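# Structure assessment
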Amino acid sequence: MQTLIERVVDGVWRDECGAQGALFKLLARVIEYEVDQPLLDSLRGELREPLAEAGAEVPEDLLTGDPAKVVEDLAVEYTALFVQPGAISPHASVFQTGKMFQEPADRAANWYRENGFVFTHRFSGEFPDHAGVMMSFVSALFEREADALDRGDAAAAQVIHETRERFLIEEMGEWVPAWCRTAAQAAEHPFYERMMNLTGRVLWDELTQIVPPRRLRELSEKNARGPVVVAKDPGFRKASGL
Amino acid sequence: MNKHFPMSRRGFLKLGGSTAAVASALGASRLQAMEQELGGKDFSPVTGKLREAVPYTCMVCNIQDGGIAYVEDGRIVKLEGNPDHPGNRGKLCAKGNSGFLHTYDPDRIMTPLLRTGKRGEGKWKRITYDEATTLLASKLRGVIDRANAANDPSIRNEIVFKWGRDRSGGARGRFMAALGSNGQVGHTNICESSKKIGLEPGWGPDIEYPDFASTKYALIFGGNVVEASYFHNPLAQRLMDGKTQNQTKLVYFDPRQGNTAAVADEWFAPFPGTDVAIVLAMAHVIMNEKLYDDAFIRNWTNVTPEQLIAHLKSYPPEFAEAESGIAAKDIRRIAREYATTKPATTFSYRGPCKHVYGAYQEAAIQMLNVITGNVEKKGGYCLPRGMGYNQPGPKPPGGKAPSILGQPPEYPLAGHQVSTHLPYQIMKGQVKMSVLMTYYDNPAYTYPSSHVWEAMYKDEKLLPFFASFSPYMSETAQYADLIIPDTSYLERNDPDSMPSDLRPWIGIRQQVIKPLGNTQEFRESLLQIINKVDADGSLGMKQYFPFKNGEEWVRAQFEGIPGLKEDGGYDYLKKNGVWPKYGKIDPVTNQIVDKNGDEVPAEYGLHMKELSAAAMDGASVEANGAIKKGGKTIGVRINGKNYAGFGTGSGKIEIYKESYKKYGFNPMPVYKRLASRGKKADELVLTTFKVNVHTQSRTAGVKYLAELYHKNPAWINPKAAAAKGIADGDLIRVTSSLGYIVTRAHVTEGIHPDVVAISTACGHSAYGRLAQLKLKDKAEYVAGNDPDIDNNVWWDDKGVHPNPIIRLQVDPIGGSQGWFDTVVTVSKAQAGDKYGDVKVSLEEAMKDYEETLRYAYTGDMHRANHKEVDIDWNSLPAPKAGGGH
Ligand code: SF4
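Residues numbered from 1 in each chain as written. Chains lettered and ligands numbered in written order. Predicted model: local features only at pLDDT ≥ 70, side-chain atom pairs only at ≥ 80, totals over all residues. Heavy atoms only, no water.

### Considerations on unusual backbone geometry
All names here are of chain B. Inclusion rule: A run of H or I in DSSP counts as a helix once it spans at least four residues, and a run of E counts as a strand once it spans at least two, with each numbered from the N terminus.
Here Lys342 and Pro343 are connected by a cis peptide whose omega angle stands at -10 degrees. Take Pro343: it is sitting in the loop between α13 (328-340) and β12 (344-348). Residue Pro580 is reached from Trp579 by a cis peptide bond, and omega for that bond is -5 degrees. Within the secondary structure layout, Pro580 lies in the loop between β19 (578-579) and β20 (584-585). The backbone of Lys290 shows a phi angle near 55 degrees, a positive value even though the residue is not glycine.

### Notes on the packing of aromatic side chains
Under the convention used in this document: Two rings belonging to Phe, Tyr or Trp (six-membered ring only in the last case) form a pair when the distance between their centres is within 6.5 Å. Interplanar angles under 30 degrees mark stacking, angles over 60 mark edge-to-face geometry, and anything in between is tilted. Summary of the burial criterion: residues with accessible area below 20% of their type's maximum are buried, those above 50% are exposed, and those between are partly exposed, where the area comes from a 1.4 Å probe applied to protein chains only.
The full count for this structure, using the stated rule, is 49 aromatic pairs over all chains. Summarising the aromatic geometry, the rings of Trp111 of chain A and Phe167 of chain A are spaced 5.2 Å apart at their centres and angled 75 degrees between planes, so their arrangement reads as edge-to-face. You can see Trp111 of chain A sitting in helix α8 (residues 103-114) and its partner Phe167 of chain A sitting in helix α10 (residues 154-172), a full 56 residues away along the chain. Overall, Trp111 of chain A belongs to the buried group, its relative accessible area being 8%. Centre to centre, the rings of Phe558 of chain B and Tyr570 of chain B are 5.9 Å apart; their planes meet at 40 degrees, and the pair counts as tilted. Of this pair, Phe558 of chain B sits in the loop between α20 (550-557) and α21 (564-567) while Tyr570 of chain B sits in helix α22 (residues 569-576), and the two are twelve residues apart along the sequence. Accessibility assignment for this pair places Phe558 of chain B and Tyr570 of chain B in one class, buried.

### Examining the domain arrangement of chain B
Residues and elements named next belong to chain B. Test applied: By convention here, the domain bounds are inherited from an automatic or database domain assignment. Once two parts are joined, some of their accessible surface, as seen by a 1.4 Å probe, is lost; buried area is that loss totalled over both. Each reported salt bridge corresponds to a side-chain nitrogen of Lys or Arg within 4 Å of a carboxyl oxygen of Asp or Glu. Residue polarity follows a fixed list, in which Ala, Val, Leu, Ile, Met, Phe, Trp, Tyr, Cys and Pro are nonpolar, Asp, Glu, Lys and Arg are charged, and the others, Gly among them, are polar.
For chain B, the domain assignment lists domain 1 (113-190 + 392-486 + 521-557), domain 2 (208-382), domain 3 (609-662) and domain 4 (675-853). The gap between the C-alpha centroids of domain 2 and domain 4 is 30 Å. For the pair domain 2 and domain 4, the summed buried area comes to about 2,100 Å², and 60% of that belongs to carbon and sulfur atoms. Of all residues in domain 2, Arg256, Phe271 and Lys354 give up the largest surface area on contact with domain 4, accounting jointly for 33% of the area buried on that side. Where domain 2 meets domain 4, there are zero salt bridges. Elements with a contribution of two residues or more to the side of domain 2 that touches domain 4: α12 (317-324), α14 (350-353) and α15 (358-371). Taken together, the residues of the side of domain 2 that touches domain 4 sort by class into 13 nonpolar, six polar and five charged.

### What to know about the packing of helix α9 (residues 275-288) of chain B against α13 of chain B
To describe two helices that pack against each other, one gives the angle between their axes and the distance between the axes. Residues and elements named next belong to chain B. We count it as follows: Working convention: axes come from line fits to C-alpha atoms, limited for helices to the stretch in contact. Angles between N-to-C directions cover 0 to 180 degrees. Less than a right angle of anticlockwise turn of the near helix away from the far helix marks a crossing as left-handed, whereas a clockwise turn marks it as right-handed. Contacts are residue-level and defined by heavy atoms, with any inter-residue pair within 4.5 Å sufficient.
Closest axis-to-axis distance for the α9/α13 pair is 9 Å, and the angle between their directions is 65 degrees. α13 is crossed by α9, and the crossing has right-handed handedness. Where α9 approaches α13, its residues Ile278, Ala281, Met282, Val285 and Ile286 are matched on the opposing element by Ile331, Arg332, Ile334, Ala335, Arg336, Tyr338 and Ala339. Split into classes, the residues belonging to the contact of α9 with α13 amount to ten nonpolar, no polar and two charged.

### Examining the side chain of Ser434 of chain B
All names here are of chain B. Quick reminder of the rule: Polar contacts here mean pairs of N or O atoms no more than 3.5 Å apart (in protein, one a potential hydrogen donor and the other a potential acceptor; neighbouring residues in sequence count only if both atoms are side-chain atoms).
As for its position among the elements, Ser434 is in the loop between α16 (422-427) and β14 (435-439). Accessibility expressed as a relative area gives 10% for Ser434, which makes it buried. Among the polar contacts made by the side chain of Ser434, one reaches the side chain of Glu158 at a distance of 2.5 Å.

### Section: the packing of α8 of chain A against α10 of chain A
Residues and elements named next belong to chain A. As a reminder, the rule being used: Just so you know how the angles are binned, under 35 degrees is roughly parallel, over 145 roughly antiparallel, 65 to 115 roughly perpendicular, and the rest oblique.
Axis separation between α8 and α10 bottoms out at 12 Å; the angle between their running directions is 175 degrees. Accordingly, the angle class assigned to the pair α8 and α10 is roughly antiparallel. Each of Arg107, Trp111 and Tyr112 in α8 lies in contact with α10, whose residues at this interface are Thr163, Arg166, Phe167, Glu170 and Glu171. Among the residues making up the contact of α8 with α10, the classes are represented as three nonpolar, one polar and four charged.

### Considering the sheet that holds strand β25 (residues 641-643) of chain B
Residues and elements named next belong to chain B. Cut-off, in case you're wondering: Whether two strands pair comes down to DSSP finding at least two bridges between them.
Taking strand neighbours across the sheet as the criterion, the four strands line up as β22-β23-β24-β25 in an open arrangement whose pairing is antiparallel. The two strands at the open ends of the sheet, each matched to only one other strand, are β22 (620-621) and β25. Sheet topology note: the strand β24 (residues 632-638)/β25 ladder contains three bridges and is antiparallel. Each residue of the ladder has a partner; that of Arg637, found in β25, is Asn642.

### Observations regarding the environment of Gly142 of chain B
Inspection of the secondary structure puts Gly142 of chain B in helix α4 (residues 129-149). Put simply, Gly142 of chain B and Gly540 of chain B are 398 residues apart on the chain and 16 Å apart in space, counted from C-alpha to C-alpha.

### A few points about the pattern of salt bridges
Charged atoms that come close allow side chains of opposite charge to pair. Per the counting criterion, the structure on display carries 75 salt bridges over all chains. Arg75 of chain B is paired through a salt bridge with Asp106 of chain A; the nearest N and O atoms lie 2.4 Å apart. Residue Arg75 of chain B is found in strand β3 (residues 75-81), and its partner Asp106 of chain A is found in helix α8; the two belong to separate chains. Looking at Arg75 of chain B, the relative accessible area reads 2%, which means it is buried. Asp106 of chain A gets classed as partly exposed once you look at its relative accessible area, which sits at 22%. One salt bridge connects Asp441 of chain B with Lys162 of chain B, and the closest N-O pair in it is separated by 3.1 Å. Here the residue Asp441 of chain B occupies a position in the loop between β14 and α17 (443-446), and Lys162 of chain B occupies one in strand β6 (residues 159-163), the gap between them amounting to 279 residues.

What follows is the structure, given as C-alpha cells:
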C-alpha cells in the first residue's frame, strides 16, 4: 500500500479526493432533500450505470415513470422515511440521545463553523446533526483537499485531510452506518433502500481506510445496535402514527 | 491502632468532638452545600455555569402554573416551579416537570405535512409553512367568496374551528371572528360543562375556589384534587397545608379510591351518579335540625329557609342511603359535622357533574355552602379570582349568522356547547362543513364513542378539507389533509390567568427558546393565513391583525391592565413570568409573606364590597333588591346597603333557577334516578379517571411519564370479580351496547362493587411510537432509531382505551357528556380474544344520538322525568339557533 505522500505525489490521491467528494455529495443530496427533476434526470442519465455498478441499481419505476409522478412518489417516501413522526430520524441527537437537538447538533455546528460553513434551514425541523448535512460536510472537505492539492498546498491539504478524518470518526463513525442500515430496512421504495445501503457501505469503506483496527472494532460494536426485521406491511405507517 | 497513623478510632472521635466545639472559628470551606433555596436559580452540573432562567406558564394541563425554564446552550434542560407564582408557589407536578420532553420529542411534527394518500393512510409530503398557510388560506377564501357571491353569511359557518385545550388568549376566537364564522366548537362538554351550568346561574362564575388552606372541614365529591381535577397542584398543596397546619378534616366521596381518598379522614364510595341524593339529604338534615345560617339564606339567596325545608322534604337520609348505598347515619353525622365546623367548604369536580342531569348535582353541592353561610369566608367556599387581559382593538365583528354545529338548539341552557353532537349533526346532514380546522383537539381518542368521529374524518364528502395545527400525530391529526404544526408550549407567546389562588394573577407564556428548528407558533400561522385570505385588505380582515408577530400581538394584550404598566408592563412579565408579586413564599408555612415575614392576607367577602356613589349614580333598585344600571345588575341592596353581590340577575345567590324552569327543568336542585342506577345485578357501571402523571390524551409519548404509568387495567371489586370468575390480571371483555374491548382486570377493594373503572391516557392507536408502543410489535416496526425506545422501555403493555365503548349521553341542562353513565357487562375473555381488541358498532352509536335527544327539553323523556315541574308544557320556548346563553 502506498503512503499518503506517495499517493499525493502520484496524483492518485487528488483524483480520489475528487471522486470521493462527488460520491459523498451525491449520497448527501439524496439524504438531505427529496429527489427533484434535475436529480431524477441524472439518475436516468449519467448516474445510472455507475450506480448499478456500485450495487445500487436505479429502480425500474424511476427510469420509466412519468417524471412528475416519480418525483412526487419519492417525496412521499422521503417524508415517510426521514421526516414524519415515527420516521428514521436522520439526526444524530435522536439516534444517540432519543431527543431532538441535543449536544451532537452543537458539535456538528461547531465543526461547520470552525471550517467556515454555516448551517441553514430549507425546511423547518432540520438540524446541523442531520446525516445528510454531515455527508455534505465530508464531501466539501474532500473537495477542499483536492483544491489544495491542485494549488500545490500540501500543508493545507493535510490539515483538511485530518479534519475530515476526525469528523468522520468522531461524529459519524459511531452511528451513521447503523442508521443507514436501519433506514434501508425501513425504506419501502427500493431507491431509498439501495441508496441507504450504498451510503452505509461507502461510509464503512471510508472508515476502514482511516480507522485503526481496535477503534474499528469499537465502531463496529456501536453500529451493531440493530434494527429488527421489518415486514413490508402496508398498514405499517398508518397505525403507528407515522 | 493503625501503624501509619498512630491514633485509635477513639482518639479520632475525641479530636472530632473537640473540633466541633470550635467549628465556627475555622471559617468557611471552599466546598459549599448545593443551592437549597426555593428555586429560581440553577447551575450546570458539568460546567458549574449559571443557567439562563426564563419564566413561562405551564400548559401541559389546564391549570396554567408558573414555571422557570433553565436554558443551557440554547436548550431547555430543566423546568421547575416559579417561586414567585401565587398559584403553584414554586412547585410543578410530574407532568409539568417533564414538559420539556414535548419540545424535543423525536415524534413531534416539525414541518407542515400535506396528505398524499387516502385519509388516514399515513402518506404525506413535507411542505413549508408558507406553502401550507397559502393552501389553507385558499380553501378559506373559497368559502368566503361563495358566501359573498350568494350574499349569505351563513355559508361562512361552513368554516369550522374545533378546539380542545385552547389557551391561545383569544387568538383563535379573533381569527374566526375575522373570518366571519360562528362555526366554533370547543370541548367543554366532555370536560366539566355541567358543573359550570350548575354554578353560573346560581352565582355568576363557573367554578368555586375552596379555601382548603384555611378550612377546618373539606367535603369533596368526585374531585380527585390530590392528583388530578381542577387546580390540581395549587389545590393539592393547599389541601395538604390545611391538613398539616389546620387539622382540616377531609371527607371524600368517590366510587374509586384514588389518592384523595387515600389521604382523606373518611372515604365513602357511593353508587355513581347518586352524590346529589347524599347532598340533598345532608341539606335536609342541616335545614331540619336548624343548623343553617338563617340570615345568610334570607339576605343572600332567592329562597327562604321554609322553602328549602319544603323542597328537601323528599330527601331524608334514608332515601339517600337507598339510592347511594351510603349509610343514613353517616350522612346525618357528616351533615352535622359539616354544618357545625366553621369554616367549612365543599369541592367537586367531574364526579358528580359528568352524569346526565349533572347540573342538578353541582347546584346541590353549592347549596350546602350557601345554607351554612360558608360563602366568601376565610376557609370557606369562595368566588374564583381571575384576572382579565386585553383584546386589542379594533376587534373583528364576528359572524353574522348563528351556527348550530356543536351547539344544538335543543340545549338552550348549555352555554358551553354540546360538542359531542358535532359528528352526528354532520353525518345526519343537519349542518354542512367545508373546511375544518382543529387545534389541541383529539376527538378520535378523547370523545365518547370515539369511532364516530373517526368515521366522519374519513369521509371526504362530509369533510372536504381538514387542517390540523397539531404538533403530534394524534388519532385525529392522522386524518388531516394538511398539518400546520404549532410549537410546544415552551416556544410560544400567550397571556394567561387562572383563579388558582385567592390572590389574582396574570402570567405570560413566552418563547423560552426560539421555535425549535424554525417551526412556527400557532399565532404566527394565524397571522399568515389572514394576510393571505385578505391579501389586499379588501375583505376588511387584515386590519384586525396589525401585529408583526406573535410576541407583538401578545404585548398588545397586556396593555391597559391597571397597575401593570407602572410595574414595568410586558417587560416585567417577560422577566418575572407572573404579576403582581404579592410577596415571598415562606418555605415552612408555604404562605405568601411580606418583608416582615407576615402573611399577605387574601381578600374575602367580595360580595359584600359596598358600591361607590359613582357606581350608584344612575342606578335603580328593584323590588328584590337588585341594583340595575344600563340594563345590567351591578349589585344588590340588602338592609339598606348597596353591595357588589353576586353575578346573577338578582345580585343574590339564586338557588331557585328561573332559567331552568323556563325549559321545564326543576328550578331547584333535585335527584333524578339515572338509567345506570337501575342496571341489572350482574351489570356494572363503567367509569373513567385521570391519573396524577398524565393528561387525558397528550402525554402518553412523554418518556418520563410513560415509564411511570403506561397501562390501565380495569379496576374491579373482588366481589364482582369473584361472581364472574375473574382473577387479578385475567383477560376480560368489557361490553356495552356499542361493542366491547378486551383488557385486563385489576382486582381491588378500592372500587365500588357495582363499578368497573378504567383510566384514560393509555391505549393509543396514534401519538407516536412510545404512546403506541410499536417497538414491541416488532413484526411491523423498526427499532434502532431512538435509543430510549430501544434500550429503556422495559414494559410491553400500552393499555386499552375505553372511549369507543362509552355511550353518548348528555345532560340536557348543562350539555355535559355523561362519562360515568355507561352500563357494561364484564366477563372473562372469550376464545380468540386478544388484549387490546376493540369491536364497536357505528350504527349503535348513531342510535345513542337519537336516544340522548329524547332527554333534551324538546324530547319525550324530558317531560316524563320532570312531571313535578309546574309549567305549561305546551308553551315551552321554540328551539332557536344561537339561543344558548
Ligand atoms: S398541574 Fe402540572 S401540568 Fe398542570 S399546569 Fe400545574 S405543573 Fe403544569
